[in-house]
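What follows is each chain in one-letter form.
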Amino acid sequence: GAYIMVALHRAGAKHPVSEAFAAERCILLNVDDVRLPLVWETDGKAASTGQFLGQAMALRIYFRDATIYAVDGED
């Protein structure tokens, strides 16, 4: 099946900022929509990205049978 997994990194870093933001924590399976939120879940709770406001961050995106047109960061 189709999937998208996303890991959150500091710009230029090779590893996610923490295990909470690893690709396995943000998975979209068989969805067909626009403006899908990226949510990293641990034990059923969403991890907050607020601690990274104002910092240069990067996303590492893994996908199969998917088309990604854009990623947008909202304030």
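Residues numbered from 1 in each chain as written. Predicted model: local features only at pLDDT ≥ 70, side-chain atom pairs only at ≥ 80, totals over all residues. Heavy atoms only, no water.

1. Overview of the overall build of the protein chain
Assigned secondary structure in the protein chain consists of zero helices and five strands. Each helix and strand of the protein chain, ordered N terminal to C terminal, gives the series β-β-β-β-β. The globule rule puts the C-alpha radius of gyration for 75 residues at 11 Å, and the 12 Å found for the protein chain is close to it. In terms of overall dimensions, the protein chain has a C-alpha envelope of 30 × 30 × 25 Å along the principal axes. Here the protein chain, with 75 residues, has 17% of them falling under the buried criterion. For the protein chain, the exposed surface amounts to about 5800 Å²; the carbon and sulfur share of it is 50%. (Helix = DSSP H or I, 4+ residues; strand = E, 2+ residues; numbered from the N terminus. Rg over C-alpha atoms; globule rule 2.2 N^0.38 Å. Buried < 20%, exposed > 50% of the residue type's maximum accessible area, 1.4 Å probe, protein only. Areas by Shrake-Rupley, 256 points an atom, 1.4 Å probe, with all protein chains shown as cover.)

2. A short note on the nonpolar core
Judged by nonpolar contacts, Ile4, Val6, Leu8, Phe21, Cys26, Leu28, Trp40 and Phe52 together constitute the single largest core of eight residues. For this core, the element with the highest residue contribution is strand β1 (residues 3-10), accounting for three residues. (Core = buried A, V, L, I, M, F, W, Y, C linked by side-chain atoms within 4.5 Å.)

3. A closer look at the layout of surface pockets
In this structure, the largest pocket occupies an estimated 1300 Å³ of space. Taken together, 39 residues form the lining of the largest pocket, with Leu36, Pro37, Leu38, Val71 and Asp72 sitting closest to its centre. Contributions of two or more residues to the lining of the largest pocket are made by β1, β2 (27-29) and β5 (57-64). The element best represented in the lining of the largest pocket is β1, accounting for four residues. Partitioned by chemical class, the residues of the lining of the largest pocket number 26 nonpolar, six polar and seven charged. (1 Å grid on protein atoms, 1.4 Å probe; cavity = no way out; pocket = protein on both sides within 12 Å on 5 of 7 lines; lining within 4 Å. Points joined across faces, edges and corners; volume = space filled by probe spheres on them. Nonpolar A, V, L, I, M, F, W, Y, C, P; charged D, E, K, R; others polar.)

4. As for the packing of aromatic side chains
For any pair of aromatic rings, geometry is given as the distance between the ring centres together with the angle between the planes. A full pass over the atoms with the stated rule returns two aromatic pairs. Between the aromatic rings of Phe21 and Phe52, the centroid separation amounts to 5.5 Å while the plane-to-plane angle is 80°, which identifies the pairing as edge-to-face. Highlighted residues: Phe21 in the loop between β1 and β2 and Phe52 in the loop between β4 (45-46) and β5, separated in sequence by 31 residues. There is no split in this pair, since Phe21 and Phe52 are both buried. Among the aromatic residues, those joined into a cluster by ring pairs are Phe21, Trp40 and Phe52. (Phe/Tyr/Trp six-rings, centres within 6.5 Å; stacked < 30°, edge-to-face > 60°.)

5. Re a nonpolar patch on the surface
A grouping of Leu38, Leu59, Ile61, Phe63, Ile68 and Val71 is seen on the molecular surface, where their side chains present a nonpolar patch of about 460 Å² in accessible area. Turning to its location among the elements, Leu59 is positioned in strand β5. (Patch = residues over 30% accessible without salt bridge, like charges linked within 9 Å, V, L, I, M, F, W, Y side chains within 5 Å. Salt bridge = Lys/Arg side-chain N within 4 Å of Asp/Glu carboxyl O.)

6. Some details on the sheet that holds β2
Backbone hydrogen bonds are what pair the strands of a sheet, in a parallel or an antiparallel way. As summarised here, the arrangement of the three strands in space is β2-β1-β5, forming an open sheet in which the pairing is antiparallel. The open sheet has two edge strands, β2 and β5, and neither has a second partner. Here the strands of the sheet are splayed against their neighbours by 15° on average, with no regard to which way each runs. In the sheet, β1 pairs with β5 via eight bridges, with the strands oriented antiparallel. What sits directly across from His9, in β5, is Ala58. (Pairing = 2+ DSSP bridges. Axes fitted to C-alpha atoms, helices over the stretch in contact; angles between N-to-C directions.)

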